[in-house]
Amino acid sequence: MFLDLLYALRRQRVPVGPIEWDALCEALRQGVIQDLDSLYTVGRAVLVKTEGHYDAWDLAFAEVFHDAAPPPEIKEAIRKWLEEPVPGGISEDQVAQMTGMSLEEVKKRFQEMLERQTERHDGGSRFIGTGGTSPFGTGGRNPMGIQVAGGGGRTAMALAEGRQFRNYRTDVAIDVRQFRVALRRLRRLAREGDLELDLDGTVRRTADNAGDIDLDFRPSRRNRVRLLLLMDAGGSMAPHAELVSRLFTAAHQSDHWKEFRYYFFHNCVYRKVYTDIETYRGVPTEDVLRELSPEWKVVFVGDACMAPWELAAGGGYEGDGRVHVTGIDWLRRFRTHFRRTVWLNPDDPRFWNHTTVAAIRAVHPMFPLTLDGLTQALRHLVRPV
Amino acid sequence: MNEANPSFERFRGTARYITSPALRQDVNAAIALRRPLLVKGEPGTGKTLLARAVAEDLGLPLLTWHVKSTTKAVDGMYHYDVVQRLNDSRFGDRDVSDIRAYIRLGVMGRAFASEEPVVLLIDEIDKADLEFPNDLLRELDEMSFHVHELDETVTAKHRPVVIITSNAEKELPDAFLRRCVFHYISFPDRALMEEIVKVHFPDLPQALLESAITRFYEVRGVDGLRKKPSTSELVDWLFVLVRGGVPAQELARNLPFLGALLKQEQDVATVQRRRARGL
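Residues numbered from 1 in each chain as written. Chains lettered and ligands numbered in written order. Predicted model: local features only at pLDDT ≥ 70, side-chain atom pairs only at ≥ 80, totals over all residues. Heavy atoms only, no water.

Undergrad: A description of the overall build of chain B should follow, citing residues and the corresponding values.
TA: When helices and strands are tallied, chain B shows 13 helices and nine strands. Going through the 279 residues of chain B one by one, you find that 49% of them count as buried. By element, 49% of the accessible surface of chain B is carried by carbon and sulfur atoms, the whole surface being about 13600 Å². (Helix = DSSP H or I, 4+ residues; strand = E, 2+ residues; numbered from the N terminus. Buried < 20%, exposed > 50% of the residue type's maximum accessible area, 1.4 Å probe, protein only. Areas by Shrake-Rupley, 256 points an atom, 1.4 Å probe, with all protein chains shown as cover.)

Undergrad: If you had to explain the sheet that holds strand 8 (residues 161–166) of chain B to someone new, which residues and values would you point to?
TA: All names here are of chain B. Overall, parallel pairing links the five strands, which are arranged 2-5-8-1-9 in an open sheet. The sheet is open, and its two edges are formed by strand 2 (62–66) and strand 9 (181–185), each paired on a single side. With direction set aside, neighbouring strand axes in the sheet form an average angle of 20 degrees. Here strand 5 (residues 119–123) runs beside strand 8; their pairing, made up of four bridges, is parallel. Each bridged residue has a counterpart across the sheet, and for L120 the counterpart in strand 8 is V162. (Pairing = 2+ DSSP bridges. Axes fitted to C-alpha atoms, helices over the stretch in contact; angles between N-to-C directions.)

Undergrad: Give a detailed account of the pattern of salt bridges, specifying residues and quantitative values.
TA: The final tally for this structure, using the stated rule, is 24 salt bridges over all chains. Among the salt bridges present, the one from E152(B) reaches R100(B), with a minimum N-O distance of 2.6 Å. Here the residue E152(B) occupies a position in strand 7 (residues 152–155), and R100(B) occupies one in the loop between helix 4 (82–91) and strand 4 (103–105), the gap between them amounting to 52 residues. Each of the salt bridges in this network shares a partner with another, and the network as a whole consists of R205(A), D214(A) and D216(A). (Salt bridge = Lys/Arg side-chain N within 4 Å of Asp/Glu carboxyl O.)

Undergrad: Before we move on, can you summarise the nonpolar core with the specific residues and values?
TA: Judged by nonpolar contacts, the single largest core of 83 residues is most densely connected at L47(A), L50(B), I122(B) and L136(B). Of the residues forming this core, the biggest block, seven residues, is contributed by helix 1 (residues 21–33) of chain B. With residues near it in sequence (within four places) discarded, L50(B) still touches F11(B), Y17(B), T19(B), L23(B), V27(B), L37(B) and V39(B). (Core = buried A, V, L, I, M, F, W, Y, C linked by side-chain atoms within 4.5 Å. Contact = heavy atoms within 4.5 Å.)

Undergrad: An account of the packing of helix 3 (residues 36–47) of chain A against helix 4 (residues 54–65) of chain A is needed here, citing residue identities and associated values.
TA: All names here are of chain A. As a packed pair, helix 3 and helix 4 sit with axes 11 Å apart at the nearest point and diverge in direction by 135 degrees. In terms of axis orientation, helix 3 runs oblique to helix 4. Here the hand of the crossing between helix 3 and helix 4 comes out right-handed. Counted together, L36, L39, Y40, G43, R44 and L47 of helix 3 and Y54, W57, D58, F61 and F65 of helix 4 form the full contact between these two elements. In terms of residue class, the contact of helix 3 with helix 4 is made up of eight nonpolar, one polar and two charged. (Parallel < 35°, antiparallel > 145°, perpendicular 65-115°, else oblique. Left-handed = near helix turned anticlockwise from the far one by under 90°. Nonpolar A, V, L, I, M, F, W, Y, C, P; charged D, E, K, R; others polar.)

Undergrad: Got a sec to walk through the interface of chain B and chain A? Specific residues and values, please.
TA: Listed as interface residues are 36 residues of chain B and, on the opposing side, 41 residues of chain A. Across the chain B to chain A interface the summed buried area is about 3600 Å²; carbon plus sulfur atoms make up 54%. Taken together, the connections running from chain B to chain A amount to two salt bridges. Across the contact surface, chain B and chain A share eight residue pairs in polar contact (both at pLDDT 80 or more). Residue assignment for the side of chain B that touches chain A shows that the elements contributing at least two residues are helix 1, helix 4, helix 7 (174–178) and strand 9 of chain B. Counting residues per element, the side of chain B that touches chain A draws most heavily on helix 1 of chain B, at six residues. (Buried area = accessible area lost by both parts, 1.4 Å probe. Polar contact = N/O pair within 3.5 Å; in protein donor to acceptor, adjacent residues only side chain to side chain.)

Undergrad: For helix 4 of chain A, give the residues involved together with the corresponding values.
TA: All names here are of chain A. The terminal C-alpha atoms of helix 4 lie 16 Å apart, and with 12 residues this matches the ideal 16 Å at 1.5 Å per residue to within 8%. Where burial is concerned, most of helix 4 is hidden: nine out of the 12 residues are buried. Burial in helix 4 covers these residues: Y54, D55, A56, W57, D58, A60, F61, A62 and F65. (Expected span 1.5 Å × (residues − 1).)

Undergrad: I'd like a description of the pairing of strand 6 (residues 144–147) of chain B, backed by residues and values.
TA: Along a regular strand, successive side chains alternate from one face of the sheet to the other. All names here are of chain B. Pairing of strand 6 with strand 7, which is carried by four bridges, proceeds in the antiparallel orientation. Residue pairing across strands places H146 opposite T153, the latter belonging to strand 7. Adjacent in sequence and paired antiparallel, strand 6 and strand 7 are bridged by four residues, among which D151 carries a positive phi angle near 55 degrees.

Undergrad: A description of a nonpolar patch on the surface should follow, citing residues and the corresponding values.
TA: On the surface, L195(A), L197(A), L199(A), V203(A), L215(A), F217(A) and V83(B) cluster together into a nonpolar patch covering about 570 Å² of accessible area. Within the secondary structure, L197(A) sits in strand 5 (residues 189–197). By relative accessible area, which is 34% here, L197(A) ends up partly exposed. (Patch = residues over 30% accessible without salt bridge, like charges linked within 9 Å, V, L, I, M, F, W, Y side chains within 5 Å.)

Undergrad: Quick rundown of the packing of aromatic side chains? Include the residues and the values.
TA: Residues and elements named next belong to chain A. Considering all chains together, one arrives at 20 aromatic pairs over all chains under this definition. Both rings, one in Y40 and one in W57, keep their centres 6.3 Å apart while their planes meet at 45 degrees; by these two values the pair is tilted. Of this pair, Y40 sits in helix 3 while W57 sits in helix 4, placing them 17 residues apart in sequence. Ring centres of Y262 and F264 lie 6.2 Å apart, and the angle between their planes is 80 degrees; this geometry places the pair in the edge-to-face category. In this structure F264 comes out as buried when scored by relative accessible area, which is 18%. Taken together, the ring pairs connect F265, F300, F334, F338 and W343 into an aromatic cluster. Above the face of the Y54 ring, R44 is positioned so that its terminal group lies 4.1 Å from the ring centre. (Phe/Tyr/Trp six-rings, centres within 6.5 Å; stacked < 30°, edge-to-face > 60°. Lys NZ or Arg CZ within 6 Å of the ring centre and 35° of its normal.)

Undergrad: So what's going on with empty space enclosed by the protein? Which residues, and what values?
TA: All names here are of chain A. Across all of its chains, the model carries three cavities of 30 Å³ or more by this definition. If you go around the largest cavity, the residues you meet are L183, L227, L229, L247, A251, V299, V342, L344, L374, A377 and L378. Considering each element in turn, the lining of the largest cavity owes the most residues, three residues, to helix 16 (residues 371–382). Grouping the amino acids of the lining of the largest cavity by side-chain chemistry returns 11 nonpolar, no polar and no charged. (1 Å grid on protein atoms, 1.4 Å probe; cavity = no way out; pocket = protein on both sides within 12 Å on 5 of 7 lines; lining within 4 Å. Points joined across faces, edges and corners; volume = space filled by probe spheres on them.)

Written out as structure tokens, the structure reads:
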């Protein structure tokens, strides 16, 4: 049964192996895991090592132990009895009386009860209802109870099925902080920072100096990465504005770049890139390509979705009749000038079959703008050419 | 190590530190399994305080190793003061032939050398270099380290209870994670939060407590906040409310001293915008 759990986790792409298995066995042997509830918490602590996988744990746990929970159709059938909890206290005596039942007994009685019960019961001690000491129902106080629906003392299965950690999944959720964490991958250390004491050098030079102390200094290690961020501010990007702004904030706040520059563009890069999207103030794209050395890491952010002519013809929104270079050509020039470029697309990869998306993907490696996608993109950026 | 340990459930939470049952179970699991407990969670959910509470509850001394961006693994073991030795040899003040006099144990070294069991807190492990946790693997596994200058091995007399906190600023290496028991402190729900607040403000009127917590969760629920307020902000805010003598009814209409809850100007603006729209 526990092996099933291990393999269910592996199917959810949680990296568990012999070391985790060993820890789980040890926990069982030590008696730290005694029931389903402690299996849920302690099992999670030894098998799952990031909150990003908590949701996968909930799914795997529910899959393996789903027999321990009331089947959903029963839940549905009796939900109407349980909609309004009945207030009213229960004495400690009654609670104590109820604790003696095992989960198996409780489940068996639950089934019997379901067959016998045909109407609503509240505040009682036997049938399924609310606010009572019966092991079945909601808002009740039986420690061994099966929670049919709603709040109150939660059981492991209710927790697992509640999937409260869904929002921590790394393939969906991103905030500024998570972006910043991801961006730290983008670094190349070089000795060009402030001076620090070089101990080995000091010892060597002192010895050479016949024991007279001779201090040696060397530059500390610093990140060499220069980042160029180019963001699409076009109309079709409006739904993603918040997400892109978070990425921008994260890149801006990260102080570990050697240099950081950002520009905006409309749908595609043309003759000019903008420093301010409201006033259309900008610089010639030509200058950007000339000023920045090929070592700069280039990150485009955009949905790459536009009318085909916007890519094939030049100009786009700034068309002043002097168009020589088409949009796609501009993108190619970025690709040939810089050693490493990536394109982050906030759209779901399912929609990437649009013509212009495919055309741009052929030029710049494209990754989804999720935490996982960003991580892959950054890995691509630091890979040596 | 293989015999069942009947006294595994040792940590129960203390009067000053309220925990969820799941966290207590995980602390005890880590103690029973003799593995480090890695605690992650939003800032302000009491990760560091946990170690203090565990030490207090188990009646053990607490040794804290605050990790900084420049911290190296060896700093925790020992420090060989070579510059001092060079200097002494230059001026002949002291006997420099005894290297031992120039070796000082770090926090982890002291935890290993301690005559009694201790709780060792490695605080904010993610602040250091990416490789830092990997450099600690062997030491945490075998509970010993080697002092090269003396060619001696320091072995832990008693295995310390190791608690490691991380703010998730960097991802931790897989090999390191494998060896830890992991717990993510999720944000306290309302009932737990009321308990926590009562620890800090035992005399708080119930009406004020309830309306403040209700408003706090409302603010936390606002979409688009850059930094969501956490427990420590709530405690600060309540302190200001109590000091300012704000009555509970006032909270129903207004959000006084919002600056104690939200630390970023944009967030204050966001919340005020929502309120203006009647949300």
